[in-house]
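Take a look at the letters that make up each chain.
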Amino acid sequence: MSSNDVAVLGVGMHPWGKWGKPFTEYGVVAARAALADSGVAWQDVDLIVGGETVRNGYGGYVAGATFAQALGWNGARVATSYAACATGAQALDTARARILAGLSEVALVVGADTTPKGFLAPNAGERWDDPDWLRFRLLGMTNPAYFALYARRRMDLYGATQEDFAAVKVKNARHGLANPNARYKKEVSVEDVMSSAVVSDPLHLLDICATSDGAAAVVVASTEYAARMGIAKPVRVNAISTVTPTFPNTVMDMPQLSTDAHGGTEPERTFKESIGDAAYEEAGIAPEDVSLAEVYDLSTALELDWMEDVSLCKRGEAESLLRAGETTIGGRIPVNPSGGLACFGEAVPAQALAQVCEVTWQLRGQAEGRQVEGAKVGITANQGLFGHGSSVILSR
Amino acid sequence: MSARPAIDGWFTTGDAPALLGSRCTTCATTYFPPTAGFCRNPACDGQDFETVELSRRGQVWSYTDAQYQPPPPYVPRTDPYEPFALAAVELAEGITVLGQVADGYGVGDLRVGAEVELVVETLNTDDDGDQLIWRWKPVTELGEEADQ
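Since the structure is predicted, the reported quantities are computational estimates derived from the model, not experimental observations. (Residues numbered from 1 in each chain as written. Chains lettered and ligands numbered in written order. Predicted model: local features only at pLDDT ≥ 70, side-chain atom pairs only at ≥ 80, totals over all residues.)

Per the secondary structure count, chain B includes 1 helix and 9 strands. Reading chain B from its N terminus to its C terminus gives the helix and strand order β-β-β-β-β-β-β-β-β-α. The principal-axis extent of the C-alpha atoms belonging to chain B is close to 50 × 45 × 30 Å. Counting over 148 residues, chain B shows a buried share of 36%. Contacts spanning at least 24 positions in sequence make up 53% of the contacts within chain B whose residues lie at least 6 apart. (Helix = DSSP H or I, 4+ residues; strand = E, 2+ residues; numbered from the N terminus. Buried ≥ 20, exposed ≤ 12 C-beta atoms within 10 Å, placed from the backbone. Contact = placed C-beta atoms within 7 Å.)

Shown next as structure tokens:
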């Protein structure tokens, strides 16, 4: 626990799904739920930070103001963040920074999205200087194809099997059964995954997360404000890591067509490893102290990568933990007790905040039907396009 | 009808085609795709680059395929759609470069660490002729490898 902690006063979500409504509606539902959970009146919030959505027109670009107007202008300071999949964490970090600087006391952070069907495609037009456009035009390289590259490496280097990947889906589907905010609440078998169509070898359709509509919101405040409200032991944000890569970044990252060059020796650690390392360092908390992890399972195999990236086990050991049931609720280090993206699908600007919501419920002992008993410390992790990634550590 | 690269200045054609990179004249870091302006090595303030041909062979970092037709701006070559394989290949320069896999080869012909060679093939054909693209072609057949 450090003097750089802020208190989580309230969390709330709009259920994930494919509802086809404006993203603002989802955001307001989540925001009101978080405010009700916190006991803070909207009029008392002095900062609102929105996670930007690039898909929903001008209102999405100025999400902070869009949510503020929808909740009713209250004169709060406003900010909007965009960091691809790390958007929610960056928005939370903006709130934390103003609170720790003494410039704000209590902040509402909201992310919401309405997504199209099918593969996520780049912006329209001829965009010959945009790698996100070029990777489709020149190579036909979709997001699942990147996920499949990482999955295949696990198979060829560590002996992972497609059945292992399917077992991640089976586990997460079971975790999400009782989660009221999950989109998919249905048991899935290894056979179900293995008999679904192969999208990009070795990944099947059920190995890959869907895109969803959804929203998540968090109310954070200074620990002094929490104390004044009489909250004796709030969940605390101990660290928010939003580091950029360090040159040379030698692991193939979406949406790039190539990596940086290394001068003959690989860097000491990868970008994804540095995201978790920075969070542990900032929190003064060690990986052994973590009770649960919410990591970005855009694909089943990626969950296994993340377990190693955030030092829950050594490189190449994730499958043995999975097979031993250690990452299931009740095991040594439950991973994605919420059900993860496997049960939610991805709502980009909301997802990193949804991870924070789940960890908060777990640390309060309120994760009904999916509770990790005695949870003290939780870590989140994700990575998005163009050198964005985040990890948040919370404890109680 | 003529054949032309799908993108200018990224690769050569001919008998021994190669990717074209930009090498910083100050720190010698090589970039692909070609770059200009400023060196991205944080310890270098170089602004000048020379065009260099990259290694024509490399080792497979990983591989996959596209069994569903990718969305636009990808232009499918055939109707109905035919899946193709993709590989990320590590070159001696320390750069890993993505590419489609040469016609006639699939994921069954690849493994992490296998050697591949750059070839230039047709990406698709429009009213002006063939659009060419670099591709990775397995050098050692898997059967041969097993015999060694």
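In this section: the overall build of chain A. The number of helices and strands found in chain A is 14 helices and 11 strands. Over its C-alpha trace chain A gives a radius of gyration of 20 Å, about what one expects of a compact globule, namely 21 Å for 396 residues. Dimensions of chain A along its principal axes, counting C-alpha atoms only, are 55 × 50 × 45 Å. Within chain A, the proportion of its 396 residues that are buried is 62%. Of the contacts formed within chain A by residues at least 6 apart in sequence, a portion of 76% connects residues at least 24 apart. (Rg over C-alpha atoms; globule rule 2.2 N^0.38 Å.)

As a further point, take the interface of chain A and chain B. On the chain B side, the residues contacting the 32 residues of chain A number 37 residues. Contributions of two or more residues to the side of chain A that touches chain B are made by α5 (131-139), α6 (143-158) and β5 (198-200) of chain A. For the side of chain A that touches chain B, the element with the most residues is α6(A), which contributes 7 residues. Grouping the amino acids of the side of chain A that touches chain B by side-chain chemistry returns 17 nonpolar, 10 polar and 5 charged. (Nonpolar A, V, L, I, M, F, W, Y, C, P; charged D, E, K, R; others polar.)

Let us now look at the packing of helix α4 (residues 87-100) of chain A against helix α14 (residues 348-364) of chain A. All names here are of chain A. For the pair α4 and α14, the least separation of the axes is 6 Å and the interaxial angle reads 65°. Judged by the inter-axis angle, α4 sits roughly perpendicular to α14. Listed contacts from α14 to Thr87, Gly88, Ala89 and Leu92 of α4 are Val348, Pro349, Ala350, Gln351, Ala352, Leu353 and Val356. When its residues are assigned to classes, the contact of α4 with α14 shows 8 nonpolar, 3 polar and no charged. (Axes fitted to C-alpha atoms, helices over the stretch in contact; angles between N-to-C directions. Parallel < 35°, antiparallel > 145°, perpendicular 65-115°, else oblique.)

Time to look at unusual backbone geometry. Cis geometry marks the peptide bond from A:Met254 to A:Pro255; its omega dihedral reads 0°. The amide bond that connects B:Phe32 to the next residue, B:Pro33, takes the cis arrangement and shows omega of -5°. Here B:Pro33 shows up in the loop between β3 (30-31) and β4 (49-53). A positive phi is found at B:Ala28, a non-glycine position, where the angle reads about 70°. Overall, B:Ala28 belongs to the partly exposed group, with 15 C-beta atoms counted inside 10 Å.

To continue, consider the sheet that holds strand β11 (residues 388-395) of chain A. Where strands meet in a sheet, backbone hydrogen bonds hold them as pairs that are either parallel or antiparallel. All names here are of chain A. Pairing is mixed across the open sheet formed by 9 strands, whose spatial order is β3-β2-β4-β7-β1-β8-β11-β10-β9. Each edge of the open sheet carries a strand with a single partner, namely β3 (77-81) and β9 (292-295). Between one strand and the next, the sheet's axes are offset by a mean angle of 25°, whatever the strand orientation. In this fold α14 packs onto β1 (6-17), β2 (47-51), β4 (106-113), β7 (213-221), β8 (235-241), β9, β10 (377-384) and β11, with an angle of close to 55° to the strand it touches most, β7. (Pairing = 2+ DSSP bridges.)

Here we take up helix α7 (residues 162-176) of chain A. Spanning 15 residues, α7(A) covers 21 Å between terminal C-alpha atoms, matching the ideal 21 Å at 1.5 Å per step. Summarising burial for α7(A): 13 of the 15 residues are buried, a large majority. (Expected span 1.5 Å × (residues − 1).)

As a further point, take the environment of A:Ile333. All names here are of chain A. In this structure, isoleucine 333 sits in the loop between α12 (318-323) and α13 (340-344). A count of 19 C-beta atoms within 10 Å places isoleucine 333 in the partly exposed class. Residues isoleucine 333 and leucine 321, 12 residues apart in the sequence, show an inter-C-alpha distance of 8.8 Å. The residues touching isoleucine 333, leaving out its near neighbours within four places in the chain, are Val290, Ala293, Leu312, Glu326 and Thr327.

Another aspect to go through is the sheet that holds strand β2 (residues 20-24) of chain B. Residues and elements named next belong to chain B. The sheet built from 3 strands is open, its strands ordered β3-β2-β4 with antiparallel pairing. Lying at the two open borders of the sheet, with one neighbouring strand each, are β3 and β4. Strand direction decides the pairing type here: β2 and β3, joined by 2 bridges, are antiparallel. What sits directly across from arginine 23, in β3, is threonine 30.

What sets the pattern is the α-helix's 3.6 residues per turn: residues three or four places apart point alike. Along helix α3 (residues 63-71) of chain A, the residues that are buried comprise A:Ala63, A:Gly64, A:Thr66, A:Phe67, A:Ala68 and A:Leu71. Of the surrounding elements, those touching the buried residues of α3(A) are α1 (23-38), β2, α2 (57-61), β3, β4 and α14 of chain A.

Moving on: the pairing of β7(A). Side chains on a regular strand alternate between the two faces of the sheet. All names here are of chain A. β7 sits mainly inside the fold: 9 of its 9 residues count as buried. Burial along β7 is two-sided: the face carrying Asp213, Ala215, Ala217, Val219 and Ala221 and the face carrying Gly214, Ala216, Val218 and Val220 are both buried. In the sheet, β1 pairs with β7 via 8 bridges, with the strands oriented antiparallel. In the sheet register, glycine 17 faces β7, and the bridge partner there is aspartate 213. Pairing geometry for β4 and β7, over 8 bridges, is antiparallel. Bridging across to β7, alanine 112 finds its partner in alanine 215.

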